[in-house]
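Coordinate analysis (summary)
Chain by chain, the residues:
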Amino acid sequence: MIEIDKVTKTFGAGDAAFTALRDVSVTIRENEFFTLLGPSGCGKTTLLRLIAGFEPPTIGAIRLSGRDITRLPPNQRPVNTVFQNYALFPHMSVAGNIAFGLEMLGKPKDEIAKTVDEMLRLVRMEELKHRKTSEISGGQQQRVALARALAPHPEVLLLDEPLSALDLKLRKEMQIELKRLQSETGITFVFVTHDQEEALTMSDRIAVMSGGRILQIGNPREIYERPSERFVANFIGESNFLNGQLSAGSVTLEAGGTFTVEPPQGVADGKVSVLIRPEHVTVAGTGAEGAALIATVENVVYSGEATVAHLKLKTGEAIKARASNLPGASGLLETGAQVGVSVAPGAVTVLVD
Ligand code: ATP
């Protein structure tokens, strides 16, 4: 429904020119919770601003439901934005803030009143309708900002790191809340974050960006379990990278063990690097069945919910094994011990690079 077609954005000119987006193409579907994920400076906000119409692309086109909106001013697009700092009017009431945009659009008074109440119900803020926004909490302000952006019933809602000012617990609550709002309203959400866990929790699909490019687009499971390249794997979750030899649908690791894999397109037999997530690695006795690799324990880190063992393979490669903690179970791993390492079936991913 939103088509970004071969978009490049360059700021400035001559020696000062900086290209923030390079030949970016993506189609965001109707009713989708779509996330742009990447490190600071990768171009996420720039892409969002192009969709909003605050900036024109240097090259390329943007279409909404088939209509070319590349040069359409922001106020003529059925698109609204929630900014990181909410930008509420502190002296106005919650209801006044939500009504403001509708009043600007010249909507009739009774319709505005009805929409304001509908939005207050949607974000569960009915009781604080008459409170000034300077007198409510950060989480409540966030809800008001959302209600205000949703009030004109946009087709697309753009959200630029809207939860970054909230503490961890509130952020988790709001993640669930945002997902609920998106599915209840059926509005397409384009969400920008650098927080991989936030992206995995909320999104239907994620575009992982780096250096002004989109590296991979997929649903959370695809992005986490089958990252196409090392950058994506590294950015999302904990990773082990090992060297191996690919031959006819199997990888034999330099450190030992042969594993069935589904190599991505374009990767030929020969030397490859593979990803194995630490939670798919288990430590056992050296003679245990399925323990295809032998390693030495370097150190063991307890973090409440999990224990991570840092191991060294005979090739000198490092590998981490992550196990959930059972109450009362104490760690059996000793630094310096020789252990067997087994890798869950299907857990070896061949990377493109
Ligand atoms: P963050 O998470 O830090 O907000 P981001 O991924 O959203 O990062 P952008 O804000 O899109 O990144 O910026 C991408 C790059 O483009 C940055 O290197 C930034 O300095 C540059 N940039 C953005 N706006 C301009 C501008 N108006 N003029 C020149 N360079 C700009």
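Residues numbered from 1 in each chain as written. Predicted model: local features only at pLDDT ≥ 70, side-chain atom pairs only at ≥ 80, totals over all residues.

Brief notes about the sheet that holds strand β12 (residues 250–253)
Let me state the cut-off plainly: Any two strands are treated as partners once DSSP identifies two or more bridges connecting them. To qualify as a helix, a DSSP run of H or I must reach at least 4 residues; to qualify as a strand, a run of E must reach at least 2; elements of each kind are numbered from the N terminus.
In space, the 5 strands of this open sheet follow the order β13-β12-β11-β14-β20, with antiparallel pairing throughout. The sheet is open, and its two borders are formed by β13 (258–260) and β20 (349–350), each paired with just one other strand.

Structural notes on the packing of helix α2 (residues 94–104) against helix α4 (residues 138–150)
Packed helix pairs are characterised by how far apart their axes lie and by the angle those axes make with each other. Applied cut-off: Here an axis means a line fitted to C-alpha atoms, over the contact stretch when the element is a helix, while the angle between two N-to-C directions is reported on a 0 to 180 degree scale. With respect to orientation, any angle under 35 degrees is reported as roughly parallel, any angle over 145 as roughly antiparallel, any angle of 65 to 115 as roughly perpendicular, and every other angle as oblique. Each crossing gets its handedness from the near helix: less than a right angle anticlockwise from the far helix is left-handed, clockwise is right-handed. By the convention adopted here, residues make contact when the C-beta atoms placed from their backbones lie within 7 Å. Side-chain classes are defined by residue name, with Ala, Val, Leu, Ile, Met, Phe, Trp, Tyr, Cys and Pro counting as nonpolar, Asp, Glu, Lys and Arg as charged, and the others, Gly among them, as polar.
With their axes 7 Å apart at the nearest point, α2 and α4 run at an angle of 30° to one another. In this view, α2 runs roughly parallel relative to α4, as classed from their interaxial angle. For the pair α2 and α4, the crossing hand works out as right-handed. Seen from α2, the contacting residues are V94, N97, I98, F100 and G101; seen from α4, they are V144, A147 and R148. Grouping the constituent residues of the contact of α2 with α4 by class yields 5 nonpolar, 2 polar and 1 charged.

Observations regarding the UniProt feature "domain: ABC transporter" (unreviewed entry) in the protein
Put simply, the rule reads: UniProt positions are given in the numbering used here, feature names are shortened, and annotations may be inferred rather than shown by experiment.
Those residues carrying the UniProt feature "domain: ABC transporter" (unreviewed entry) are residues 2–236 in this numbering. Secondary structure content for residues 2–236 is 36% helix and 26% strand, and the end C-alpha separation is 25 Å.

With respect to the sheet that holds strand β15 (residues 281–284)
Spatially, β15-β19-β16-β17-β18 is the arrangement adopted by the 5 strands of the open sheet, whose pairing is antiparallel. If you trace the sheet from one side to the other, it starts and ends with β15 and β18 (318–324), each paired once. With strand direction ignored, the average angle separating the axes of adjacent strands in the sheet is 45°. In this sheet, β18 lies alongside strand β17 (residues 306–313) in antiparallel orientation, the contact comprising 7 bridges. Note that in β18 the partner of K312 across the bridge is A318.

Considerations on unusual backbone geometry
Where we set the bar: Residues are called buried when their C-beta atom has 20 or more other C-beta atoms within 10 Å, exposed when it has 12 or fewer, and partly exposed otherwise; all C-beta atoms are positioned from the backbone.
With a phi close to 45°, E161 is a non-glycine residue in the positive phi region. Tracing the sequence through the fold places E161 in the loop between β7 (156–160) and α5 (168–185). In this structure E161 comes out as partly exposed when scored by C-beta crowding, with 19 C-beta atoms within 10 Å. Positioned with a positive phi, A248 is a non-glycine residue whose angle comes to about 45°. Within the secondary structure, A248 is located in the loop between β11 (240–247) and β12.

Points about α5
Just so we agree on the cut-off: How far a helix is expected to stretch is found by multiplying one less than its residue total by 1.5 Å.
Taking 1.5 Å per residue as the helical rise, α5 with its 18 residues ought to reach 26 Å, and the 25 Å between its terminal C-alpha atoms agrees with that figure. If you follow the buried residues of α5, they end up packed against β3 (33–37), α3 (109–122), α4, β8 (188–193) and α6 (196–202). Immediately beyond the C-terminal end of α5, within one or two residues, lies G186, with a positive phi of roughly 70°.

Here we look at the pairing of strand β4 (residues 59–64)
Within a regular strand, side chains alternate between the sheet's two faces. Note: strand β1 (residues 2–11) against β4, 5 bridges, orientation antiparallel. Paired with T8 across the bridge in β4 is I59. Taking the residues that link successive antiparallel strands as the turn, the β4-strand β5 (residues 67–68) hairpin has 2 residues, and the phi of S65 there is positive, at about 45°.

Thoughts on the domain arrangement of the protein
Applied cut-off: Residue ranges labeled as domains rest on an automatic or database domain assignment.
By domain assignment, the protein separates into domain 1 (2–225) and domain 2 (239–350). On a C-alpha basis, the centres of domain 1 and domain 2 stand 39 Å from each other.

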